[in-house]
Amino acid sequence: MTSVAIVLGSVRPGRWGEQVANWVQGSAQEAGFEATIIDLRDFDLPVFAEEMAPSIEAPTQPEGVRFRQALEARDAVIFVTPEYNHSIPGGLKNAIDYLPPSTLKDKSVGLVGYSWSGASKPLQHLREILGTFGTAIRDQQVGLNLGSDFADGVLSPDDDARGQVRRLLASLV
């Protein structure tokens, strides 16, 4: 059984990302994956300030090591990100900065975003950031709209969104 880590990239109180991550997890489990949510709130990651770049030496900060090990233990990774100022949240970028390239090299990676505009900008930025790791980033991605895919603050994805996540999951295998 393929295992997938679903990285919840928002740490804000009141975030809608939990609903998105839970939906992705449920969809992954229905598709036969062993799916685990890796919530950045569960990691006490200080702003990255290791002495050496992760491409030279793996970071040693304990929470960074724990985050890296959580991803290394899975066959694939899906990053779930909101849009903050046309990009990804600082906390998600900081967590990624703790990863040496070997963590994601050749690993299947999927992207799921949500915003008022379908999250195209943060997904593009995340694709650029993760591309430096040599990851196998999937072309299929999921972009949810806070206006049309949420009703009164509750995620209610339409057939198109459900199809997007099914295609993304199929591409991870």
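Cut-offs and rules
Residues numbered from 1 in each chain as written. Predicted model: local features only at pLDDT ≥ 70, side-chain atom pairs only at ≥ 80, totals over all residues. Heavy atoms only, no water. Salt bridge = Lys/Arg side-chain N within 4 Å of Asp/Glu carboxyl O. Helix = DSSP H or I, 4+ residues; strand = E, 2+ residues; numbered from the N terminus. Buried < 20%, exposed > 50% of the residue type's maximum accessible area, 1.4 Å probe, protein only. Pairing = 2+ DSSP bridges. Right-handed = clockwise from strand over helix to strand, strands pointing away. Contact = heavy atoms within 4.5 Å. Axes fitted to C-alpha atoms, helices over the stretch in contact; angles between N-to-C directions. Parallel < 35°, antiparallel > 145°, perpendicular 65-115°, else oblique. Left-handed = near helix turned anticlockwise from the far one by under 90°. Nonpolar A, V, L, I, M, F, W, Y, C, P; charged D, E, K, R; others polar.

Peer 1: In this structure, what is going on with the pattern of salt bridges? I would like to understand it.
Peer 2: Where charged atoms from two side chains of opposite charge approach closely, those side chains can pair. Taken as a whole and assessed by the stated rule, the structure comprises seven salt bridges. The partner of R68 in a salt bridge is E72, and the shortest N-O contact between them spans 3.6 Å. Of this pair, R68 and E72 both sit in helix α2 (residues 62-72), four residues apart, which is roughly one turn of the helix. For R68, a relative accessible area of 13% puts it in the buried group. We note a salt bridge from K105 to D106, for which the minimum N-O separation is 3.9 Å.

Peer 1: Would you explain the pairing of strand β4 (residues 108-115) in this entry?
Peer 2: Looking down a regular strand, the side chains alternate between one sheet face and the other. Among the eight residues that make up β4, eight are buried, leaving the element largely enclosed by the rest of the structure. Side chains S108, G110, V112 and Y114 of β4 all project onto a buried face; the interleaved residues V109, L111, G113 and S115 project onto the opposite face, where all are buried too. Of the strand pairs in this sheet, strand β3 (residues 76-82) and β4 are connected by seven bridges, and their pairing is parallel. Bridged to T81 within β4 is G113. Crossover handedness for the path β3 to helix α3 (residues 90-97) to β4: right-handed. Where β4 lies against strand β6 (residues 142-145), four bridges are found, and the strand directions are parallel. Its bridge partner being in β6, V112 is matched across the sheet by V142.

Peer 1: When you look at α3 in this model, what are you seeing that I'm missing?
Peer 2: It helps to recall that an α-helix has 3.6 residues per turn; residues three or four apart then point in one direction. By the burial criterion, the buried members of α3 are L92, N94, A95 and I96. Along its buried surface, α3 packs onto β1 (3-8), α2, β3 and α4 (120-131).

Peer 1: Which parts of the structure should I look at to understand the packing of helix α1 (residues 17-30) against helix α5 (residues 159-172)?
Peer 2: Two numbers describe how α1 lies on α5: the axes approach to 10 Å, and their chain directions differ by 60 degrees. As far as their axial angle goes, α5 and α1 are oblique. For the element pair α1 and α5, the recorded crossing hand is right-handed. Contacts from W23, V24, S27 and A28 in α1 reach A161, R162, V165 and L169 in α5. Residues belonging to the contact of α1 with α5 are distributed by class as follows: six nonpolar, one polar and one charged.

These figures capture arrangement, not role.
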